[in-house]
Amino acid sequence: MIQALQWSALVICGAVALARFPDAIRGRNRSIFGAFLLTTFAILLSIDAPYLAVDAWLGGANYANLLLRFLVYGAVMLAGYRTAKAFGDASGTRRITGPAGLAVLVGIAAVTTVTFLLADTAGSSTGLTGLPLRSEANAQLIGLYATAGRVYPAFVAVCLVPATLRAVGGRFPRALRTGALLLSVGYAAMVAGALYPLLPAGRAWCQSIISYAAVLGVSLGLTVIWLARLAATRRQARTRVRRASDA
């Protein structure tokens, strides 16, 4: 099931990134293209074969995991910015991309980097789940590193869930409300991801399900909104052409 979620998310994000590439070249909505592109690479690094290949090239000390963290941070920030813009949430935009939001990002990035460099992470292991317990202090550093990686997505999600939930019950067209519902599920999963340490031992599979629920919810939500607006733009263009021909 986990592999099915991984490959489904990879196919969706990769396809949307490719579809958005021509518009990105023209300077249109580059943030959403960037979000899907970064998410595609992040999903690749969550799959064993690509992760182990990249990490071997980087030295076999799980630097691929550190790269994965920063890909996620970038994707979450861009997706959050695009979500806030889509629903006219000016306060959400400020919270994510304003001075306070950027300070949170820089602070979490610093903690992520420092804890990773202080920890002993030798020996490639996707998700760091297979690393040997070298010492209690090392385990605590890796735990802090993992916690830092969950805090930023949860922060962005908390900033946006109120707006997406309001949109679900708002007077938007049905397609936009559907997109808002999917985004709400995705961002709620991001918040739930911050609670991983509370899961009982042996429930690591729950973490993967929550993670990919977040990825799929946000990706599908943004995709539905994009397609809905694309269809609306085409309808408006056809209407203008018809009116011009009738004139």
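Residue numbers here run from 1 along each chain, matching the order of that chain's written sequence. At least 70 in pLDDT is required for a residue's local features to be given in this predicted model, at least 80 for side-chain atom pairs to be given and counted, and no such filter applies to totals for whole chains, interfaces and linings, which use all residues. Water and hydrogen atoms play no part in the side-chain values, which are based on all heavy atoms of the structure.

Student: Sorry, what's going on with the environment of Thr147 here?
Tutor: Mapping Thr147 onto the fold places it in helix H7 (residues 136-168). Taking the C-alpha atoms as reference, Thr147 lies 9.6 Å from Gly193; in sequence the two are 46 residues apart. Put simply, DSSP H or I for four residues or longer makes a helix, DSSP E for two residues or longer makes a strand, and each gets a number counted from the N terminus.

Student: I would appreciate a short explanation of the side chain of Thr83 in the present structure.
Tutor: Summarising the element assignment, Thr83 is placed in helix H4 (residues 63-86). Looking at Thr83, the relative accessible area reads 1%, which means it is buried. Among residues more than four places away in sequence, those in contact with Thr83 are Leu160, Thr164, Leu183, Tyr187 and Leu222. For every residue, the accessible area obtained with a 1.4 Å probe (protein chains only) is divided by the maximum for its type, and the residue is called buried under 20%, exposed over 50%, and partly exposed between those limits. Here a residue-residue contact requires only that any non-hydrogen atoms of the pair lie within 4.5 Å.

Student: Is there a simple way to explain the packing of aromatic side chains in this structure?
Tutor: Two numbers describe a pair of aromatic rings. These are the distance of the centres and the angle of the planes. Two rings belonging to Phe, Tyr or Trp (six-membered ring only in the last case) form a pair when the distance between their centres is within 6.5 Å. Interplanar angles under 30 degrees mark stacking, angles over 60 mark edge-to-face geometry, and anything in between is tilted. Under the counting rule described, the total for this entry stands at 7 aromatic pairs. Taken together, a centroid distance of 5.8 Å and an interplanar angle of 75 degrees make the contact between Tyr73 and Tyr152 edge-to-face. With Tyr73 in helix H4 and Tyr152 in helix H7, the pair connects residues that are 79 residues apart, well separated along the chain. Looking at Tyr73, the relative accessible area reads 2%, which means it is buried. Geometrically, the ring pair formed by Phe87 and Phe172 is edge-to-face, given 5.7 Å between the ring centres and 80 degrees between the ring planes. Placement of the pair is Phe87 in the loop between H4 and helix H5 (90-97) and Phe172 in the loop between H7 and helix H8 (174-193), with a sequence separation of 85 residues. Taking relative accessible area as the criterion, Phe87 reaches 13% and is therefore assigned buried. Under the relative-accessibility criterion, Phe172 is labelled partly exposed at 31%. Members of the aromatic cluster, joined through ring pairs, are Phe70, Tyr73, Tyr152 and Phe155.

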